[in-house]
Every structure is written in C-alpha cells, then in structure tokens.
Amino acid sequence: MASQRTSIRYGLTKFALRKINSIMGLLEGKRGIISGPLDEQSIAWKVAQKCHEQGAKITLTNAPVAMRFGEIQKLAEEINAEIIPADATSLDDIAKLYSQSQDILGGKMDFVLHSIGMSVNVRKNRAYTDLKYDWMQKTFDVSAISFHKFMQVAYQQDVMADWGSMLALSYIAAQRVFPDYSEMAESKALLESFARSFGYHFGKKNNVRVNTISQSPTMTTAGQGVKGFQEFFDYADTMSPLGNATADECADYCIFLFSDMSKKITMQNLYHDGGFSNMGINPEVVMPSE
Ligand SMILES: NC(=O)c1ccc[n+]([C@@H]2O[C@H](COP(=O)([O-])OP(=O)(O)OC[C@H]3O[C@@H](n4cnc5c(N)ncnc54)[C@H](O)[C@@H]3O)[C@@H](O)[C@H]2O)c1
C-alpha cells in the first residue's frame, strides 16, 4: 500500500515535471532580437527576460541615445545578452544589427520584436489641430516606417529563418478615437497595415509570419508620455471585464507568438486588452458603485 502511494506520488511528480518542461523551453534553440527595452517598466524588458527564461538566445537593441538615459546595460548583464545600438530609422544601423546578431547568435533569426514608439508632436505638447508636419514625419518614421525597414532589410538580406515571427506592438487608437493619443493613432494604423501587407510577402518567401499585438494602456515611459494617461489607464481598466493586460502578460503573449505554437497566425492585429476592444458600455463606467 505504502509503495503504491509512493508510486502514485512519483507518477504525479513525473506528470508535473513533464508539464513544467512543456511550459518551459518554448523557445529552446531559437534566436531573436528584442528592440526597445529602456527600463524595467518597458514591455520589451519583460519580453527579453521571458525569452531568456524560455531558452532563447537573444540580442538587445535600442537607439544610441537610450544607452545613456536607459538602464539596458543592467538587463543585458542579468540575461547575459549583447546590446547592439541601432537607430530604428537608419537602414545602415538595421543592417548592422542583423549581421552582428547573426554572428553573435550563430545563425538566422527566429523572431524579431519591434517595440518602438515616439511622437515628437506629443512630446512638444502640440494640439492635434496644430501639428507640425516635419515632426509628424519623424514620428511616423520612428514609430511605423521603422517596422517596414526592419522587415525590408530582413527580407532582402535573408535574415529570417523559415517559420520565423516578426512582431510589433500597437494600440487601439488605430481604430478608435482617443484625442490625446494624437498622431500616434495614425502611426499605429500605418504599423498595423505594414504588418498585413508585408505578412503576405514574407509568408510567400519562407513562411515568416508578421503580426501586431494591440496592447492595453501600460505604465511605461512611452505610455506615460500621453496627456491624462492615468485617467486613460483607469478608464480602460474599468471598462475591460478582465481588466487591463499588464506588461508581463503582454510578454507572455509575445512568447507564444514567437513559439511554434502559433505557426499559422499571420497578418493579424491581435487584441490583448482584457476585452476592451469589444465593449460597448460597462455599467461600472457609467454608474460607478459608491
Ligand atoms: N505603454 C502603453 O500604454 C502601450 C500600449 C500599447 C502599445 N504600446 C507600444 O509598445 C511599444 C513599447 O513601448 P513601451 O510602452 O514599452 O515604452 P518604452 O518607452 O519603454 O519603449 C519605447 C522604446 O522606443 C525606443 N525608441 C524611440 N526612438 C527610437 C529610435 N529612433 N530607434 C530605436 N528605438 C527607439 C525608446 O528608446 C524606448 O526604448 C511602443 O510601440 C508603444 O507604442 C505601448
């Protein structure tokens, strides 16, 4: 009887171990590039940590200026990854990012995360009805065209492994009006459109998938740059039946989209927002309880 109990216990342990192993190691043997980790709040920071936990080998990248202001060095030491500075608007920098990443990691990339956003007009507090167009072009270049550049350079230089995954982060202001999000709304609409259009070409080339995640408001440097962000955040949190998705949860979703579990998902904008995007009215927003 005692030995039966032990074997049942042993059996359960083996089952539990198998379960843990199947959850861990989702990215074992994969190589990737994570852009945009600035500090511990950054979505890309959490993604990089989880890629490491799941067995991937990665390089980190950010704008050269972020090397001075951010804390990326701390992350690099923690997960034993190299940093390759690159301005996401520069084709030369992107080409170097890819060639160095392949040298360091020893082969083609299985995944690339674009986690980059910045609006000049928002930073300078320009009203949406009084935008400066040279600033707007800079915003589009940094926040959206850079994703096309990431894909075009990778496509032309054959950087992506078969069945690889390219992913960028978006926001629902691409579809709905959030006045204080300003020109970032159009940046995100462009970003999502690039994912759809390039997804076709990359899929035909070597089965590489391209998607965007439309993430809840998240307390990060880029997020908090938007006027009235706290109200924005609280409204979405109350409106969504599951509450806002956190940066950590967004990172889990990115891991899934980098993994072989999502091989046939491509050309999609995927809402990761606790249900916000399908809500019409929530009584808790209209008539808050005392
Ligand atoms: N925070 C939110 O509420 C939220 C919601 C939905 C989507 N997103 C998107 O998530 C992504 C990541 O933002 P985050 O919230 O983690 O904030 P973050 O400020 O931590 O990250 C933005 C990153 O963009 C980098 N960057 C800016 N200009 C660059 C350039 N020229 N070249 C290379 N890198 C450059 C910054 O250095 C920074 O690391 C962005 O695309 C953002 O729009 C954020």
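Below, the structure is looked at part by part.

Here we come to the overall build of the protein chain. Counting its secondary structure elements, the protein chain contains twelve helices and seven strands. Overall, the protein chain is about 80 × 60 × 40 Å in size when its C-alpha atoms are taken along their principal axes. Considering the protein chain as a whole, with its 290 residues, one finds that 40% of them fall into the buried category.

This part covers the pairing of strand 1 (residues 31–35). Of all the five residues making up strand 1, five are buried; the element is thus mostly covered by neighbouring parts of the structure. Residues Arg31, Ile33 and Ser35 line one face of strand 1 and the alternating positions Gly32 and Ile34 line the opposite face, and both faces are buried. Sheet analysis places strand 1 next to strand 2 (residues 57–61), joined by five bridges and oriented parallel. Bridging from a neighbouring strand, isoleucine 34 pairs with leucine 60 of strand 2.

Below, the discussion takes up the site of the ligand. Surrounding the ligand, one finds 26 residues, the nearest of these being Ser42, Gly117, Thr220, Ala222 and Gly223. Counting residues per element, the ones that place at least two in the shell around the ligand are helix 2 (43–53), strand 5 (160–170) and helix 9 (221–224). The biggest single contributor to the shell around the ligand is helix 9, with three residues. Here the shell around the ligand is built from residues that sort into 13 nonpolar, twelve polar and one charged.

As a further point, take the sheet that holds strand 2. Taken together, seven strands build an open sheet; the order of strands is 3-2-1-4-5-6-7 and the sheet is parallel. The open sheet has two free edges, formed respectively by strand 3 (82–83) and strand 7 (268–272), since each of these has just one partner strand. Pairing of strand 4 (residues 109–114) with strand 5, which is carried by five bridges, proceeds in the parallel orientation. Of the residues in strand 5, the one forming a bridge with histidine 114 is alanine 168. Across the sheet, helix 8 (residues 184–206) is in contact with strand 5, strand 6 (209–215) and strand 7; its angle to strand 6 comes to roughly 155°.

Another aspect to go through is unusual backbone geometry. For residues besides glycine, phi is generally negative; the peptide bonds are generally trans as well. A positive phi angle, close to 60°, is found at asparagine 125, a residue other than glycine. The topology assignment puts asparagine 125 in the loop between helix 6 (120–123) and helix 7 (133–156). In this structure asparagine 125 comes out as exposed when scored by C-beta crowding, with 8 C-beta atoms within 10 Å. Residue aspartate 158 is not a glycine yet carries a positive backbone phi of 55°. Relative to the assigned elements, aspartate 158 resides in the loop between helix 7 and strand 5. Looking at aspartate 158, the number of C-beta atoms within 10 Å reads 11, which means it is exposed.

Along the polypeptide, aspartate 237 turns up in helix 10 (residues 229–239). Residue aspartate 237 is classed as partly exposed on the basis of its 16 C-beta neighbours within 10 Å. When the C-alpha positions of aspartate 237 and leucine 190 are compared, they lie 26 Å apart, and in sequence the two are 47 residues distant. Look past the residues within four positions of aspartate 237 in its chain and what remains in contact with it is Gly243 and Asn244.

Membership of the largest hydrophobic core comes to 55 residues, with the highest contact counts inside it found for Ile34, Val47, Ala48 and Cys254. When residues in this core are grouped by element, the largest group, seven residues, is from helix 11 (residues 247–258). The contact partners of cysteine 254, leaving out residues within four places of it in the chain, are Val47, Leu113, Leu167 and Ile213.

Along the polypeptide, tyrosine 181 turns up in the loop between strand 5 and helix 8. For the pair formed by tyrosine 181 and histidine 201, sequence separation is 20 residues and the distance between their alpha carbons is 31 Å. In this structure, tyrosine 181 is in contact with Ala173 and Val226, ignoring residues within four places of it in sequence.

Contact geometry for helix 7 and helix 8: axes closest at 8 Å, N-to-C directions at 5°. As far as their axial angle goes, helix 8 and helix 7 are roughly parallel. Contacts between helix 7 and helix 8 involve Thr139, Phe140, Ser143, Ala144, Phe147, His148, Met151 and Tyr155 from the first element and Met184, Ser187, Leu190, Leu191, Phe194, Phe198, His201, Phe202 and Lys205 from the second. When the residues that make up the contact of helix 7 with helix 8 are grouped by side-chain class, the tally is eleven nonpolar, five polar and one charged.

All right, on to the environment of leucine 257 then. With respect to the secondary-structure elements, leucine 257 resides in helix 11. For leucine 257, a count of 23 C-beta atoms within 10 Å gives the class buried. For the pair leucine 257 and asparagine 206, spaced 51 residues apart in sequence, the C-alpha separation works out to 17 Å. When sequence neighbours within four positions are dropped, the list of residues in contact with leucine 257 reads Ser165, Leu167, Asn211, Ser262 and Ile265.

Thresholds, definitions, all that
Residues numbered from 1 in each chain as written. Predicted model: local features only at pLDDT ≥ 70, side-chain atom pairs only at ≥ 80, totals over all residues. Helix = DSSP H or I, 4+ residues; strand = E, 2+ residues; numbered from the N terminus. Buried ≥ 20, exposed ≤ 12 C-beta atoms within 10 Å, placed from the backbone. Pairing = 2+ DSSP bridges. Near = placed C-beta within 6 Å. Nonpolar A, V, L, I, M, F, W, Y, C, P; charged D, E, K, R; others polar. Contact = placed C-beta atoms within 7 Å. Axes fitted to C-alpha atoms, helices over the stretch in contact; angles between N-to-C directions. Core = buried A, V, L, I, M, F, W, Y, C linked by C-beta atoms within 7 Å. Parallel < 35°, antiparallel > 145°, perpendicular 65-115°, else oblique.

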